[in-house]
Amino acid sequence: MPISHFRSFTALALVALSASGTFVTAQDAAAEGLAGAYLAGRAATFESDFSTAAEYYTRALVRDPSNPLLMENVVFAQLAQGQMKKAIPVAERLLQSGARSQAGNIVMAGGFALAEDFQAILDRDMDTRQIHPLVDGLLEAWAQMGVGSVDKAIAVFDRIGEEEALRPFAAYHKALALASAGNYGGAEELFAANDGQLTRLSRRSALARVEIQSQLGEYELALATLNDSFGSGSDPALDDMRARLEAEEALGFSIASTARDGIAEVFFTLAAVMNGEAANDFVLMYARVASALSPQHVDAVLLSAELLDQLGRYELSIATYKQVPSDHPEYYAAEMGRAEALRRAAKPDAAAEVLEQLVGDFPTLPQVSISLGDLLRQQEDYAGAISAYDAALSNMSDDSRSRWFLHYARGISHERLKDWPNAEADFRASLALRPDSPQVLNYLGYSLIEKEDSPEKLDEALGMIERAVAAQPNSGYIVDSLGWVFYRLGRYADAVGHMERAVELMPVDPVVNDHLGDVYWAVGRLREAEFQWKRALSFIKSGEGDGEADPDRIRSKLELGLDAVLEQEGADPLQVANGD
């Protein structure tokens, strides 16, 4: 969702949504003799370990069943791990105690909707059960839809829309409500207003309009809306919709076909707006309520899984992604997310297995092969990465914006396999597509320094790296490359400043420190050279001996000096450019 459209609302919402809470402090809980379980629960909460937090807070609550702070923490922990039904009775007790609780109010409103007790939503005491004016207003409107009072619901939507910052939300939900009541024409009028501005509110608003237009039999118009909103890129869910529209098949209205679905959409709308603006665990509450109310609301499931991944709860994220059934159009997106969560959970083999299966299911989707190639390259399976990138390139249009990066990534894989001709060909193909890419300019330029001895190639490398430094002057790797090409050209004095700057930017990188040592040696600053080589040695991790900063070679330089090491290696001796 384009959050930038709603900055004024978000700032207002975050203040209001974070203002409420219980009147009980952590010190009060500890003072009741609950320190062990409470502190364990609190530590688990800080780690976003919601299952453990729920367990310990529940233990503490058994000893002090009327403690509002403990009840609120149980409510939040249960909701965060997707157990809203377990959170509801605790939330009810919490609010009966007279405490003002944000989590409790959210869960109770969701519980009423889950039970389809819409009158209970309308009967809430807004002095104690308030969530936020926008949330409460939209809940009221959808509850009116739930009890069959369409006119009252429309009046509430219109009242909310009187506030400019909230108008897009009110209009969107009013359009959904009209469509849920079968008034597709009225819904389309709202979407068409202001040059279709509402269509651009979010991905779901565009999809809602496409579904509404298909219900009106406007298949060509629906196709145009779909293509205008999402382009012609390949995506299984969108491809399925496109094929059905081309066959003049009505899509059905799935975004909010019932009042309960509408309330789920309220919570998801707020989650999507706050995503990236508020704390992930706070946003997670809204996403979890949305998915609990509407299990087919896959976007809420995917957002919940994404938030859990960002919180470092990878196993819970993986389990949440798996909730999307294999026959759902968004299964592809869920499996892509699951693979990423597995990778972040340090399970690369399992992640690769997911992606390989996905390649089999969707062999013509470039993004799947790209993800697999990136994963295999990170695992140093360069041959496998090349195969994956080959597949991606073969299924990608010639004008795709991603082609430059695929050539770059495949070039790296070829270079690591010491296949320099194919690596250089890929790097140059990448530069042909994106001539000013600092990453490609630096990688190719640095590789030419290391692999080519001809003055022409070294001069070309210097030009490439100078362009890369101009684009990213604070990149230590790129500045190091510039210093190193001066060194390789015999322009040792010119190399010193750039190498010193690279060490400032990357003070603990062993390669950069090793390079600075070589440059110092070349200009006769021998003590400083030895100091830098010792620093480089100290930064090499145990067991790493085959990288650019070779500890055995550095030790030889410390013992014998750089000139002797070069002689032993059969390399050319140090020679200042132009014999100077």
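A. Layout of the overall build of the chain. A tally of helices and strands in the chain yields 32 helices and 0 strands. In terms of overall dimensions, the chain has a C-alpha envelope of 90 × 70 × 40 Å along the principal axes. Counting every position in the chain, which comprises 580 residues, the buried fraction comes to 52%. Summarising the internal contacts of the chain: among those between residues at least 6 apart in sequence, 56% fall at separations of at least 24. In the chain, the 50 positive side-chain charges and the 87 negative ones have mean positions that sit 4 Å from each other.

B. Representation of the nonpolar core in the model. In terms of nonpolar packing, the biggest core is built from 106 residues, with Leu139, Trp142, Ile263, Phe267, Tyr286 and Leu293 touching the most fellow members. Setting aside anything within four residues of it in sequence, one finds Leu293 in contact with Met84, Gly110, Ala113, Leu114, Arg260, Ile263, Ala264 and Phe267. If you look at the next biggest cluster of nonpolar residues, it comprises 51 residues, including Met506, Ala536, Ala549 and Ile554.

C. How the structure looks around helix α13 (residues 219–230). End to end, α13 covers 16 Å across 12 residues, agreeing with the expected 16 Å (1.5 Å per residue, within 8%). Within α13 the residues assigned to the buried category are Tyr219, Ala222, Leu223, Thr225 and Leu226. An end-on view of α13 places all buried positions within 160° of arc, on one side of the element. Projecting away from the buried face of α13 at angles above 90 degrees are the exposed residues Glu220 and Asp228.

D. Inspection of the packing of aromatic side chains at higher detail. What the rule picks out here adds up to 17 aromatic pairs. Taking 5.8 Å as the distance between ring centres and 55° as the angle between the ring planes, the aromatic pair formed by Phe282 and Tyr286 counts as tilted. Of this pair, Phe282 and Tyr286 both sit in helix α16 (residues 280–293), 4 residues apart, roughly one helical turn. Arranged with centres 6.5 Å apart and planes meeting at 15°, the rings of Trp404 and Tyr408 form a pair that is stacked. With Trp404 and Tyr408 both in helix α23 (residues 403–416), this residue pair falls 4 residues apart, about one helical turn. If you follow Arg204 out to its NZ or CZ, it ends over the ring of Phe268, 5.5 Å from the centre.

E. Representation of the pattern of salt bridges. Counted according to the given criterion, the structure contains 34 salt bridges. Across the pair Asp136 and Arg124 runs a salt bridge, and its minimum N-O distance is 3.3 Å. Residue Asp136 is located in helix α8 (residues 133–146), and its partner Arg124 is located in the loop between α7 (118–122) and α8; the two are separated by 12 residues in the primary sequence. Each of Glu424, Arg428, Lys457 and Glu460 takes part in a single network of salt bridges with overlapping partners.

F. Region of the structure containing the side chain of Arg288. Tracing the chain through its elements places Arg288 in helix α16. It turns out Arg288 is buried and unbridged, and the closest side chain with the opposite charge, Asp49, is 11 Å from it. Beyond its immediate stretch of four places on either side in the chain, Arg288 contacts Leu79, Ala80, Gln81, Gly82, Ser304, Leu308, Leu316, Thr320 and Gln323.

G. Fine view of the environment of Arg488. By the secondary structure assignment, Arg488 is in helix α27 (residues 476–488). Overall, Arg488 belongs to the partly exposed group, its relative accessible area being 29%. Arg488 sits 39 residues away from Ile449 along the chain, and the two C-alpha atoms are 7.0 Å apart.

H. Examining unusual backbone geometry more closely. Positive phi, close to 55°, is recorded for Asn194, a residue that is not glycine. For Asn194, the position within the fold is in helix α11 (residues 184–196). Its relative accessible area of 61% is what places Asn194 among the exposed residues. Of note in the backbone geometry, Ala346 takes a positive phi value of approximately 60° without being a glycine. Considering the arrangement of structural elements, one finds Ala346 in the loop between α19 (331–344) and α20 (348–361). According to the relative accessible area criterion, Ala346 is exposed, its value standing at 63%.

I. A look at the packing of helix α12 (residues 203–215) against α13. Remark: α12 packs on α13, axes separated minimally by 8 Å, with the N-to-C direction vectors making an angle of 165°. Between α12 and α13, the crossing angle belongs to the class labelled roughly antiparallel. Note on packing geometry: the crossing formed by α12 with α13 is left-handed. Residue-level contacts link Arg203, Ala206, Leu207, Arg209, Val210, Gln213 and Ser214 of α12 to Tyr219, Leu221, Ala222, Thr225, Leu226, Ser229 and Phe230 of α13. A breakdown of the residues in the contact of α12 with α13 according to their chemical character gives 8 nonpolar, 4 polar and 2 charged.

J. Quick look at the environment of Leu139. With respect to the secondary-structure elements, Leu139 resides in helix α8. Judged by its relative accessible area of 0%, Leu139 falls in the buried class. It is 8.3 Å that separates the C-alpha atoms of Leu139 and Ala109, two residues lying 30 residues apart in sequence. Those residues in contact with Leu139 that sit more than four places away from it in its chain are Ala109, Ile121, Arg124, Ile131, Ile263, Val266 and Phe267.

K. The environment of Glu559, seen in detail. Position of Glu559 relative to the elements: it lies in helix α31 (residues 551–560). Of the residues examined, Glu559 reaches a relative accessible area of 65% and is grouped as exposed. Expressed as a C-alpha distance, the spacing of Glu559 and Glu530, which sit 29 residues apart in the sequence, is 9.4 Å.

Parameters and conventions
Sequence order as written defines the numbering, with residues in each chain counted from 1. Selection of residues for local features in this predicted model requires a pLDDT of at least 70, selection of side-chain atom pairs for listing and counting requires 80 or more, and totals for whole chains, interfaces and linings are taken over all residues. Based on all heavy atoms of the structure, the side-chain values leave hydrogens and waters out of the count. Where helices and strands are cited, they refer to DSSP runs of H or I of at least four residues and of E of at least two residues respectively, numbered from the N terminus. Exposure is judged per residue with a 1.4 Å probe applied to protein chains only, and the accessible area is read against the type maximum: over 50% gives exposed, under 20% gives buried, and values in between give partly exposed. Every residue pair with non-hydrogen atoms within 4.5 Å of one another is taken to be in contact. A residue counts as positive if it is Lys or Arg and as negative if it is Asp or Glu; His and the chain ends are not included. Charged side chains are reduced to one point each, which is NZ for Lys, CZ for Arg, CG for Asp and CD for Glu. The term nonpolar core refers to a set of buried residues drawn from Ala, Val, Leu, Ile, Met, Phe, Trp, Tyr and Cys, joined through side-chain atoms within 4.5 Å. A helix is expected to span 1.5 Å for every residue after the first. The arc in question is the one spanned by the directions pointing from the helix axis to the C-beta atoms. Stacked, tilted and edge-to-face are the three classes assigned to paired rings of Phe, Tyr and Trp, where Trp is represented by its six-membered ring and a pair needs centres within 6.5 Å; plane angles under 30 degrees give stacked, over 60 edge-to-face, the rest tilted. Lysine NZ or arginine CZ positioned within 6 Å of the ring centre and within 35 degrees of the ring normal marks a charge as sitting over the ring. Salt bridges, as used here, are contacts in which a Lys or Arg side-chain nitrogen is within 4 Å of a carboxyl oxygen on Asp or Glu. Here an angle of 0 to 180 degrees is reported between the N-to-C directions of two axes, which are lines fitted to C-alpha atoms, with helices fitted over the stretch in contact. For classification purposes, an angle smaller than 35 degrees is called roughly parallel, one larger than 145 roughly antiparallel, one from 65 to 115 roughly perpendicular, and anything else oblique. When the near helix sits turned anticlockwise from the far one by under a right angle, the crossing is termed left-handed; a clockwise turn instead gives a right-handed crossing. Under this grouping Gly is polar, as are all residues other than the nonpolar Ala, Val, Leu, Ile, Met, Phe, Trp, Tyr, Cys and Pro and the charged Asp, Glu, Lys and Arg.

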